[in-house]
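The residues making up each chain are set out below.
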Amino acid sequence: MSRDLKIKKLVPLLLDWFSANARDLPWRRTSDPYAIWVSEIMLQQTQVKTVIPFWNRWLRELPTIEAAANASSAKIHKLWEGLGYYTRVRNLQTAAQVIAEKHGGEFPENFDDVLALPGIGRYTAGAICSIAFNQPTPILDGNVIRVLTRIFGIAENPKEKETNARLWKLAEDLVKEVNSSRCGERPREPDFGRQRHTTAREDARPTKNENCSHLNQSLMELGALICTPRNPQCLICPVNKLCVAFKENRTEELPNLGKRVTATARTFFAFIIERNGKFLVQQRPTGIVNAHLWEFPNFEINGEKKDAQKIFDSAFNFKTTTFQPLRTIKHSITRYRMTLEAFHVRLKNSPKKSAGVWLSPEEFDSLAFSSAHKKLASFTADCILSGR
């Protein structure tokens, strides 16, 4: 079967499957580009089930572009606390400020204008323009790459320049085929079982064919629900008759992403320093990972086993009455496998100077902590103080 004929056959199958199987997600109940933009940024490297409460809270606290542009740094970081990759939220606010300044507070509809916004790449611009404005702009994320490499039997690494360009062209031809073959045909709306939510922006827009929006979402949805990385559900896939990987039993081989980068182990000592029922916390500076977030004093430990007491004594001129292991937290950030060994330190007297602020556990909730230190903060409140 020729490539073009396969594309023509794929489009109606994908659209019909999406209309019957799309998940009921809150950002699918609106055409407000701001709300869709926030969802796309949150969904980068983050699972849907994790994003939903964060998205709802963000839109409740910052319902407009203007609100996002004018929010304090502390507020946007607190709203994002737990999602990770905090550069995303800082870029989102910067982009909101650009929209307020250059576009009169209205989210731009032109693809190039969207692409020019801070923190928005080709995929995100395509997703927003197709989902919010029904434009025939292609998308290519991990789910779509997996779907297309399997359907078309593309064995080359998608990260390679030529292969990546080929996949973008396929995605473009698919969404353009929708625009030509089903122009004027109103797609069946996904049945979410209750009234579709609308926003003021959506109410002001004329009703239009949403096939481009649904086609792109169908590719992502198929990759998320059926064409999964492991154990794909090929027997119930709506396009299995057109899928090269299914016919040739190659689903486990595709996509060919090459060798995975070996994980790097990193170990840190963290010190939960207590003085008169309050604890020392510090804010991470601008320009580094987790910038602007709060944490307990900590130090990375490289090489041979280090003595935590000696490291503490060399870093702080504090006299202590208690120095004991508290707990160990393991977590991952991209290719790093992190181990955080925490120690409870109680001071004999109040130091004259200290880098940071002293807070009671009740005050922890007002600050945005990095994920591992958020766990330490909760543990500190629950165990150290309650244990007295």
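The structure this text deals with has already been given above.
Because the structure is predicted, anything quoted here is derived from the model rather than measured.

A. The arrangement of the environment of Glu101 in detail. As for its placement among the helices and strands, Glu101 is situated in helix α6 (residues 87–102). A relative accessible area of 69% means that Glu101 is categorised as exposed. Between the C-alpha atoms of Glu101 and Ala69, which are 32 residues apart in sequence, the distance is 9.8 Å.

B. Highlighting helix α9 (residues 142–152). Across the 11 residues of α9, 9 count as buried, placing the element largely inside the fold. Along α9, the residues that are buried comprise Val144, Ile145, Arg146, Val147, Leu148, Thr149, Arg150, Ile151 and Phe152. The distance from a side-chain oxygen at the start of α9 to the backbone nitrogen of Asn143 is 3.2 Å, and the residue carrying that oxygen is Asp141. Gly153 sits one or two positions beyond α9 and adopts a positive phi of about 65°.

C. Structural view of the packing of aromatic side chains. Enumeration according to the criterion identifies 19 aromatic pairs in this entry. On the basis of an interplanar angle of 55° and a centroid distance of 6.1 Å, the ring pair of Phe271 and Phe299 is categorised as tilted. Taken as a pair, Phe271 in strand β1 (residues 264–275) and Phe299 in strand β4 (residues 298–301) lie far apart in primary sequence, 28 residues in all. Residue classification places Phe299 among the partly exposed positions, given a relative accessible area of 29%. An aromatic cluster of at least three residues, connected via ring pairs, comprises Phe269, Phe271, Phe299, Phe312, Phe316, Phe318, Phe323 and Phe343. The ring centre of Trp168 lies 3.8 Å from the NZ or CZ of Arg122, which sits over that ring. Over the ring of Tyr336 we find Arg266, and its NZ or CZ is 4.9 Å from the ring centre.

D. Representation of unusual backbone geometry within the structure. Looking along the chain, the bond that leaves Leu254 and enters Pro255 is cis, with omega of 0°. With respect to the element layout, Pro255 can be found in the loop between α13 (244–247) and β1. A positive phi angle is found at Tyr85, which is not glycine, with a value near 50°. Counting through the fold element by element, Tyr85 comes out in the loop between α5 (73–80) and α6. Despite not being glycine, Asn290 shows a phi value in the positive range, around 60°. Along the chain, the position of Asn290 falls in the loop between β2 (278–283) and β3 (294–295).

E. Structural detail: the pairing of β1. Bridging between β1 and strand β6 (residues 336–347) involves 11 bridges; their strand directions are parallel. Within β6, the residue paired with Glu274 across the bridge is Arg346. For β1 and β4, the ladder comprises 4 bridges, and the chain directions are antiparallel. Bridging from a neighbouring strand, Ala270 pairs with Asn298 of β4. As judged from the 2 bridges shared by β1 and β2, these two strands associate in the antiparallel manner. Across the sheet, Glu274 pairs through a bridge with Phe279, a residue of β2. Here β1 folds back onto β2 in antiparallel fashion, the turn holding 2 residues, of which Asn276 has a positive phi close to 55°.

F. Molecular detail of helix α3 (residues 48–61). When the terminal C-alpha atoms of α3 are compared, their 20 Å separation across 14 residues agrees well with the 20 Å that a helix rising 1.5 Å per residue should span. If you check which residues of α3 are buried, you get Val51, Phe54, Trp55, Trp58 and Leu59.

G. Spatial organisation of the layout of surface pockets. Of the voids in this model, the largest pocket is the one considered here, and its volume is about 2,000 Å³. In this structure, the largest pocket is lined by 50 residues; those nearest its centre are Gln45, Gly142, Asn143, Arg146 and Pro229. Counting residues per element, the ones that place at least two in the lining of the largest pocket are α2 (33–42), α3, α8 (122–133), α9 and α12 (211–225). Quantified by volume, the second largest pocket comes out at close to 850 Å³. Contributing to the lining of the second largest pocket are 31 residues, with Val289, Asn290, His331, Ile333 and Ser371 lying nearest its centre. Secondary-structure elements contributing two or more residues to the lining of the second largest pocket are α6, β1, β5 (320–333), β6 and α16 (371–384). Here the element with the most residues in the lining of the second largest pocket is α16; it accounts for 4 residues.

H. Representation of the pattern of salt bridges within the structure. The tally for this structure, following the rule as stated, stands at 18 salt bridges. Its salt-bridge partner being Arg29, residue Asp24 comes within 2.9 Å of it at the nearest N-O pair. Judged by its relative accessible area of 28%, Asp24 is partly exposed. Glu248 is the partner of Arg250 in a salt bridge, and the nearest nitrogen-oxygen pair spans 2.7 Å. Note on Arg250: relative accessible area 17%, which makes it buried. You can call Glu248 partly exposed: its relative accessible area is 45%. Bridged by salt links that share partners, the residues Arg3, Asp4, Lys169 and Asp173 form one connected network.

Analysis parameters
- Residues numbered from 1 in each chain as written.
- Predicted model: local features only at pLDDT ≥ 70, side-chain atom pairs only at ≥ 80, totals over all residues.
- Heavy atoms only, no water.
- Helix = DSSP H or I, 4+ residues; strand = E, 2+ residues; numbered from the N terminus.
- Buried < 20%, exposed > 50% of the residue type's maximum accessible area, 1.4 Å probe, protein only.
- Polar contact = N/O pair within 3.5 Å; in protein donor to acceptor, adjacent residues only side chain to side chain.
- Phe/Tyr/Trp six-rings, centres within 6.5 Å; stacked < 30°, edge-to-face > 60°.
- Lys NZ or Arg CZ within 6 Å of the ring centre and 35° of its normal.
- Pairing = 2+ DSSP bridges.
- Expected span 1.5 Å × (residues − 1).
- 1 Å grid on protein atoms, 1.4 Å probe; cavity = no way out; pocket = protein on both sides within 12 Å on 5 of 7 lines; lining within 4 Å.
- Points joined across faces, edges and corners; volume = space filled by probe spheres on them.
- Salt bridge = Lys/Arg side-chain N within 4 Å of Asp/Glu carboxyl O.

Take it as geometry only, folks, not as evidence of what the structure does.
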